[in-house]
Each structure stands twice: as C-alpha cells, then as structure tokens.
Amino acid sequence: MLIQIDKLKRRPRQIDVAEEATGFPVLSELVAAETVTFNEPIKGSLEAIWVGDFIKVTGNMATLVSTPCCRCLASVSTRLDVPILLTYTNRAEGETPPDDELELQADDLGLIPFSGDELDLLPDVEQEIVMALPPQPLCKASCLGLCHSCGCNLNKGSCNCEAPILHPGLAALKNFKV
Ligand SMILES: [Zn+2]
Ligand SMILES: [Zn+2]
C-alpha cells in the first residue's frame, strides 16, 4: 500500500488489496492473542488522489472475523465492511489552506501529516480495521453467559450451583425501590 508521491501527482492511484491479517502488524498481534480470528483475507480497493498538498484516500475494506462472545466465549462471526476515508497533508502544522483550494469538511478534520517521497497507507488502513472490530460481541442479545462458580454455559442448561446468597442487609436493599 505504498504510494510514490511524484507519480501520484501525475495521476490518481488505484490500489486493490487482498491481504492476510498476518500482513498487518497490529492485526497479527490480535490474532496471536486470540482476540480475533480472520476467516477470510482482508479485501478491498482504495483510490488515492493528489489535491494540492493533500492526499485523499477513499475506498473500503471487507473481511469476515470471529470474536469470542463477551459473556459465554462462544465464537461470534461478524462481517466487517470498513469505509476508508483518509486525508493526508504535507503542510506544516498551523498553516491553513486558502478557502478556494479545498473545501474542508468535518470528516477531513483528522488530517494525517506525511513527509517524504513515499506514503504507506497500511498503518492507517489497519487502524480503521481495528476500530471496526466489534468491541463487545454477543452471540445473542439474551446470552446468559457462564456460571460464575462452575463455568458452565448457562445457554446450554442450568447448573447445580446455588444462587449467590445475599447478605440479609443486601437482600433488604434488593427490594428497595429507588
Ligand atoms: Zn454468548
Ligand atoms: Zn454453576
């Protein structure tokens, strides 16, 4: 996902991506930590255009991930479709463009600085994918989770553990309507 700046100034660049998660350093770490499993390569396309001191990158990335349910640890499949909208600038900080040069929209306020002859999109595209991962996946909204005592999956049946015994004072509070 490397862009040569002088080539980009001459013509827009189309980039087709079909990359295993292991091609991304942070995603590789998440896979190693078993936080997420990628069931498909990450695929998508990006277009980069040069707009006078700015590089606009638009496109999308899609893949299929599995993450453990945050209550019962069952695997939950989620299709990710991640819109990519990145704006880079090589302007020095604090410089503002003339109004007619580029209309800055709210989405563009997160300008990413770059310098040099090359720009690698991978870290920022990767970050967008990380942000799109389901934060608290649930196998179903009504997931009952695991028993705190014996670890049995309460979706598959109840266990013989006693319900936690409340302190008599706490039990009284339980009935107290706020
Ligand atoms: Zn669950
Ligand atoms: Zn139990």
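Just above, that's the structure.
These remarks concern the structure in this document. Computed from a predicted model, the values in this text were never measured in an experiment.

Concerning the overall build of the protein
- Helix and strand counts for the protein stand at four helices and eight strands.
- Counted from the first residue to the last, the protein has its helices and strands arranged as β-α-β-α-β-β-β-β-β-β-α-α.
- Within the span of the protein, comprising 178 residues, buried residues form 14% of the whole.
- A separation threshold of at least 6 residues defines the contact pool for the protein, and within that pool the share at least 24 residues apart is 63%.

Quick notes on helix H3 (residues 122-132)
- Here H3 has its buried residues at Val125, Glu126 and Ile129. Summarising the axial view, the buried residues of H3 lie within an arc of 100°, below the 170-degree limit, and thus occupy one face. When the buried face of H3 is taken as reference, the exposed residues oriented beyond 90 degrees from it are Pro123 and Met131.
- Against the buried residues of H3 lie helix H2 (25-32), strand S4 (42-51), strand S5 (54-68) and strand S6 (75-89).

Quick notes on unusual backbone geometry
- Even without glycine at this site, glutamate 34 takes up a positive phi of about 60°.
- Although it is not a glycine, aspartate 53 adopts a positive phi angle of roughly 75°.
- For aspartate 53, the location among the structural elements is in the loop between S4 and S5.
- For aspartate 53, a count of 13 C-beta atoms within 10 Å translates into the label partly exposed.

Comments concerning the nonpolar core
- Ranked by internal contacts, the top residues of the largest apolar core, which has 20 residues, are Val57 and Leu121.
- Listed by contribution, the elements that provide at least two residues to this core are S4, S5, S6 and H3.
- Per element, the largest residue contribution to this core is four residues, and it comes from S5.
- Those residues in contact with valine 57, other than ones at most four positions away along the chain, are Leu46, Ala48, Ile84, Leu86 and Leu121.

Rules behind the numbers
- Residues numbered from 1 in each chain as written.
- Chains lettered and ligands numbered in written order.
- Predicted model: local features only at pLDDT ≥ 70, side-chain atom pairs only at ≥ 80, totals over all residues.
- Helix = DSSP H or I, 4+ residues; strand = E, 2+ residues; numbered from the N terminus.
- Buried ≥ 20, exposed ≤ 12 C-beta atoms within 10 Å, placed from the backbone.
- Contact = placed C-beta atoms within 7 Å.
- Arc of directions from axis to C-beta.
- Core = buried A, V, L, I, M, F, W, Y, C linked by C-beta atoms within 7 Å.

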